[in-house]
Amino acid sequence: MEFKYDVIIVGGGHAGCEAAAAAANLGSKTLLITTDMNRVAQMSCNPAVGGIAKGQIVREIDALGGYMGIVTDQTAIQFRMLNKSKGPAMWSPRAQSDRAKFILAWRHKLENLPNLFIWQDTVTELILREMTVCGVRTMMNVEFRAKCVVLTNGTFLNGMLHVGTVKMSGGRISEPAVTGITEQLVSLGFKSDRMKTGTPVRIDGRSVHFEELTEQPGENDFRKFSFLDTVKRSLRQRSCWTLFTNEACHEVLRKGLPESPLYNGQIQSIGPRYCPSIETKIIIFADKSRHQLFLEPEGEDTQEYYLNGYSSSLPMEIQLNSLKQISAFRDLRIYRPGYAIEYDFFDPTQLYHTMETKHVKNLFFAGQINGTTGYEEAAGQGLIAGINAHIRCFGGDPFTLGRSEAYIGVLIDDLVTKGVDEPYRMFTSRAEYRILLRQDDADMRLTPKSYKLGLAERYRFDLLESKKKLCDSIICFIETYSVKPSQVNAGLLRLATTPLEHGCKLIDLLMRPQISLMNLVDLIPELHELTDAIPVYRREEILEAVEISVKYSGYIKREMQIADKINRLENISIKNKFDYDVIQSLSTEAKQKLKRINPDTIAQAGRIPGISPSDINILLVLLGR
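In this text, all values refer to a predicted model and were calculated from it rather than measured experimentally.

Draft legend 1. Broad picture of the sheet that holds strand S4 (residues 76-82). Pairing is antiparallel across the open sheet formed by 3 strands, whose spatial order is S3-S5-S4. Unpaired on one side and paired on the other, strand S3 (48-50) and S4 mark the two borders of the sheet. Neighbour-to-neighbour, the strand axes of this sheet turn through a mean angle of 15 degrees, independent of strand direction. By the bridge criterion, 3 bridges tie S3 to strand S5 (residues 92-97) in an arrangement that is antiparallel. In the sheet register, Gly 50 faces S5, and the bridge partner there is Arg 94.

This is the structure:
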């Protein structure tokens, strides 16, 4: 019996779910193969979505018609906007989710997509014909045929778990590792390596003295992840809690270092520098007498808590004993200890920007298989891989995003151009056009592209058009409406800003840092009447969008001009135009890297580490420019 599909997705994590949904919604007959249907979109580490730069990615996924933002809103038990003390380019949404309900919500989405089918099994081998993938073979010895295959294996490829000196084969705790795929890909010429990540202890909240912790409540305003007005947060909201380690805690950890897999040679692979284990923290930051921890609930009504900031692979007894040195944890009980995991990944410079591999046609990689870490980075890659797998099946122009268009574009360009030397995590500092890539305008940037592609639904597009019209009407009003000192001076004094001596346009008042658009709504009856016509559930979102676009218009315009200049270089194609080995004026390093990566454009070549401005000038001269 033969099973035929257009696209097969291997792995049901965050990358796999978004890839499967995108391909199916675009019209491909899609098969998602996962080892356990009850763990699709499992939040293996922190039950949270978003954060610095990651929140922007989730907003972009939603704007493109993906599901991560929708599912997060539906299962959120806390929402916060991080970095509000900074400019809007740095604002980053973050939510705690109910871990179990997150899985159920995703499974409900997947099971009800018309073109999507699910098979519970483990893929052990790719089926190839002349370096073109044409299907997969599973542990049950079932063969599935497809035009395209997307691998989203997460941490499962030859995964190995570490708790002290105890080693266990596995992709996650209590889940088996996957063997065979790495070995096959390496035999085909792929370059593979090992990475390491970790997860903290899970705590029984009944044993915690919460009265000794600092409460960190969420925000209950209009903000959420999805731009759709039909998506709401409905679960009971819960607080997180902050606390600190102490010297007694550190001393227990120091004595246990000889039994740490990170320091006794048991773990050799690359770990995340930006998210170090607690044992690494006490060594690197030896001068610090304490480190902040965050105690975060795992669900709406569970007693299980996640201890953020305490990732560890030390023996269980050492983890528990060190935590008991903290007063609030003196009676601590745990559900399971923290552990480290090593797994295989593949050098992402072996990919095109579409996420298709260079070695094997119609084969795509997405997620941690590319050396990234984080649910959000994985989901963004999965979405782009699913879209392009569908396009591969039915024809059309490849779908890619530029660095000035989306954080997803920055992420993928960094991977395929620069590669990784540690688990890749997105930061706002990685994006040179942060002001253009704000979380508030992801729909403006990306929904028209997705709608044209056929992924974003008509309702989403119409909602965006409505938002644009409402924003434009308010901007037009404040640009043309003149105010007199007698109208506003009393209000300006209450806001501790200089009163007017002469009349001015309303937009000039809004440019003052002390004044918000909501202040002007309260001061100007005509503006109040105009905004009062906006549906209540959208009013604050519209007002915030207008205020940001007006107050930061100068910065936005300047950054757009810079982006336009750089984008001209993106249009100068150099792919397969040079034999780099024979260009004597190029440095040896430049020759090697340009030959290996074979960049598409001059701009991409310029972002390759080790390629100097003089190397770029040489290529431009040879092109006759």
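Draft legend 2. Expanded view of the environment of Ser 482. Note that Ser 482 resides in strand S20 (residues 482-483). C-alpha separation for the pair Ser 482 and Ser 466, spaced 16 residues apart in sequence, amounts to 26 Å. Among residues more than four places away in sequence, those in contact with Ser 482 are Gln 487, Cys 504 and Lys 505. Engagement of the side chain of Ser 482 in a polar contact is seen with the side chain of Lys 505, the distance being 3.1 Å.

Draft legend 3. Fine view of helix H8 (residues 316-323). Turning to H8, its buried residues number three or more, namely Ile 318, Gln 319, Ser 322 and Leu 323. For H8, the angular spread of the buried residues around the axis is 125 degrees, confining them to a single face. Buried-residue contacts for H8 involve strand S12 (192-204), helix H6 (247-256) and strand S16 (304-311).

Draft legend 4. Spotlight on the nonpolar core. The biggest cluster of nonpolar side chains holds 107 residues, and the ones touching the most others in it are Ile 8, Leu 151 and Leu 363. Per element, the largest residue contribution to this core is 10 residues, and it comes from helix H9 (residues 375-394). Contacts of Leu 151, omitting those with residues within four sequence positions, involve Val 10, Leu 126, Ile 181, Leu 185, Leu 363, Phe 364, Phe 365, Ala 366 and Ile 369. With 28 residues, the next largest nonpolar core counts Phe 477, Ile 478, Leu 523 and Leu 543 among its residues.

Draft legend 5. Region of the structure containing the environment of Leu 243. Residue position: Leu 243 is located in strand S14 (residues 240-244). Each C-alpha atom, one on Leu 243 and one on Ser 327, is 9.9 Å from the other, the two residues being 84 residues apart in sequence. Those residues in contact with Leu 243 that lie beyond four places of it in its chain are Leu 213, His 291, Gln 292, Leu 293, Leu 295, Leu 307, Ile 326 and Phe 329.

Draft legend 6. The arrangement of the pattern of salt bridges in detail. Tallying each qualifying case throughout the model produces 44 salt bridges. Of the charged contacts, one joins Lys 147 and Asp 6 as a salt bridge, the two residues approaching to 3.3 Å between their closest N and O atoms. With a gap of 141 residues between them, Lys 147 in strand S9 (residues 143-151) and Asp 6 in strand S1 (residues 3-10) connect regions that are remote in the sequence. A residue is classified by how much of its surface remains accessible, and Asp 6, at 12% relative accessible area, is buried. Residues Glu 570 and Arg 607 are paired through a salt bridge, measuring 2.8 Å at the closest nitrogen-oxygen approach. You can see Glu 570 sitting in helix H18 (residues 553-570) and its partner Arg 607 sitting in the loop between helix H20 (602-606) and helix H21 (613-622), a full 37 residues away along the chain. Ionic contacts of the salt-bridge type, sharing partners, join the residues Arg 403, Asp 413, Asp 414, Lys 418, Glu 432, Glu 570 and Arg 607 into one network.

Quick notes on the rules
Residues numbered from 1 in each chain as written. Predicted model: local features only at pLDDT ≥ 70, side-chain atom pairs only at ≥ 80, totals over all residues. Heavy atoms only, no water. Pairing = 2+ DSSP bridges. Helix = DSSP H or I, 4+ residues; strand = E, 2+ residues; numbered from the N terminus. Axes fitted to C-alpha atoms, helices over the stretch in contact; angles between N-to-C directions. Contact = heavy atoms within 4.5 Å. Polar contact = N/O pair within 3.5 Å; in protein donor to acceptor, adjacent residues only side chain to side chain. Buried < 20%, exposed > 50% of the residue type's maximum accessible area, 1.4 Å probe, protein only. Arc of directions from axis to C-beta. Core = buried A, V, L, I, M, F, W, Y, C linked by side-chain atoms within 4.5 Å. Salt bridge = Lys/Arg side-chain N within 4 Å of Asp/Glu carboxyl O.

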